[in-house]
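Listed below, chain by chain, are the residues.
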Amino acid sequence: MSLKEFKPLTPSQRYKVLPSFEEITKKTPEKSLLTPLKRSGGRNNTGRITMRHIGGGAKRHYRLIDFKRRKHNVPAKVLGIEYDPNRTCRIALLEYEDGQKSYILAPAGLEVGATVVSGENTAPKVGNAMQLRNVPLGTAIHNIELIPGNGGKVARAAGQQAILSNRDVEWALVRLPSGEFRRFNANCLCTIGSVGNRDHMNEVSGKAGRSRWQGVRPTVRGMCMNPVDHPNGGG
């Protein structure tokens, strides 16, 4: 993935750095894998704002991601790499031999036309899902389960990867993206490779309007508020 810069014709374009989307091969999402996404505006069930700086933004549909990789030992072909407005990484559309389709997180290096599979007797190839007990030591992995069969929870953001460091009979020692070492059950499923869209951290929106498109409202310091609105209000 690469980033693109802009000529400073306007103040918002002077520092703007956005993704080039050159890895995107499919623009329209799979309708059967979409579900409505309701916006809360940061409010709870009584209508009170319990989470500040949330509201507005473009309408979205949620893409149903297969974090569990339920279909074991069934090869699936990569039909396309898509943009997902709900997460920082890209997603890949798979089609299994029986015609069923599903989304997975697109790892770096996964290309259209490739074949991926999940199960015990699979090769440690990018995009394949396997148990930690079968992964070679030192392999980069992502989408790791905390509880066997509960779906991947760890290392799912753009550019993240964990490293399988050590293993004994029942446990596997994994170095997380934060640098922390954590013990996982050896039966937990993980996906080989690192999450794609590695340059996401280098993006610069360039203007406040782009944050509003994403549903992020302005942040106001407490000192600028009145005493009735904030403990630090009143100067």
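Within each chain, residues carry numbers counting from 1 in the order of the written sequence. Residue-level local features of this predicted model are given only where pLDDT is at least 70; pairs of side-chain atoms are given and counted only at 80 or more, and the full residue set underlies all totals for whole chains, interfaces and linings. Based on all heavy atoms of the structure, the side-chain values leave hydrogens and waters out of the count.

1. Some remarks on the packing of aromatic side chains
Working definition: a ring pair exists when centres of Phe, Tyr or Trp rings (six-membered ring for Trp) sit within 6.5 Å. Plane angles under 30 degrees give stacked, over 60 give edge-to-face, the rest tilted. This structure, assessed with the given rule, holds one aromatic pair. Taking the centre distance of 5.8 Å and the plane angle of 85 degrees together, the rings of phenylalanine 21 and tyrosine 83 count as edge-to-face. Here the residue phenylalanine 21 occupies a position in the loop between strand S2 (17–19) and strand S3 (34–36), and tyrosine 83 occupies one in the loop between strand S5 (76–82) and strand S6 (91–96), the gap between them amounting to 62 residues. Positioned over the ring face of phenylalanine 184 is arginine 182, at 5.9 Å from the centre of the ring. The ring of tryptophan 171 has arginine 183 lying over it, and the distance from NZ or CZ to the ring centre is 4.2 Å. Only DSSP runs of H or I with at least four residues qualify as helices, and only runs of E with at least two residues qualify as strands; both kinds are numbered from the N terminus onward. Geometrically, a lysine NZ or arginine CZ counts as sitting over a ring once it is within 6 Å of the ring centre and also within 35 degrees of the ring normal.

2. Let's talk about empty space enclosed by the protein
A 1.4 Å probe that fits into a set of points on a 1 Å grid over the protein atoms alone but cannot get out defines a cavity; an open set with protein on both sides within 12 Å along at least five of seven lines defines a pocket, and lining residues are those with an atom within 4 Å of a point. Grid points are joined across faces, edges and corners, and a volume is the space filled by probe spheres set on the points. Overall, the coordinates contain two cavities of 30 Å³ or more when judged by the stated rule. As a volume, the largest cavity reaches approximately 50 Å³. In terms of lining residues, the largest cavity is bounded by Ile65, Asp66, Phe67, Arg69, Ile104, Leu105, His142, Asn143 and Thr191. Charged residues are taken to be Asp, Glu, Lys and Arg, nonpolar residues to be Ala, Val, Leu, Ile, Met, Phe, Trp, Tyr, Cys and Pro, and polar residues to be all remaining types, Gly included. Of the residues in the lining of the largest cavity, the class split is four nonpolar, three polar and two charged. Computed from the structure, the second largest cavity encloses a volume of approximately 30 Å³. Lining the second largest cavity we find Phe67, Arg69, Ala129, Asn143, Glu145, Gly152, Leu189, Cys190 and Thr191. Broken down by element, the lining of the second largest cavity gets its largest block of residues, three residues, from strand S16 (residues 189–192). Looking at the lining of the second largest cavity, its residues break down into four nonpolar, three polar and two charged.

3. Quick notes on unusual backbone geometry
Even without a glycine there, the phi angle at phenylalanine 21 is positive, about 60 degrees. Even without being a glycine, arginine 69 presents a positive backbone phi close to 50 degrees. Here arginine 69 is to be found in the loop between strand S4 (61–63) and S5.

4. Structural notes on the side chain of serine 194
Mapped onto the elements, serine 194 comes out in the loop between S16 and helix H2 (208–213). Counting of polar contacts relies on pairs of N or O atoms within 3.5 Å, with two restrictions inside protein: one atom must be capable of donating a hydrogen and the other of accepting it, and residues adjacent in sequence are counted only when both atoms are side-chain atoms. There is a polar contact of 2.9 Å between the side chain of serine 194 and the side chain of arginine 198. It only takes one pair of heavy atoms within 4.5 Å for two residues to be counted as in contact. Discounting chain neighbours no more than four positions away, the residues touching serine 194 are Pro107, Ala108, His142, Gln160 and Gln161.

5. Brief notes about the pattern of salt bridges
Where charged atoms from two side chains of opposite charge approach closely, those side chains can pair. A pair is scored as a salt bridge if a Lys or Arg side-chain nitrogen falls within 4 Å of a carboxyl oxygen belonging to Asp or Glu. Following the criterion strictly, the structure yields seven salt bridges and no others. When the shortest N-O distance is used, the salt bridge between lysine 101 and glutamate 30 registers 3.5 Å. Highlighted residues: lysine 101 in strand S7 (residues 101–105) and glutamate 30 in the loop between S2 and S3, separated in sequence by 71 residues. The buried label applies to any residue whose accessible area, calculated with a 1.4 Å probe on protein chains only, is under 20% of its type's maximum; exposed applies above 50%, and partly exposed to all values in between. Take glutamate 30: its relative accessible area is 17%, and that puts it in the buried class.

The values are spatial; any link to function lies outside them.
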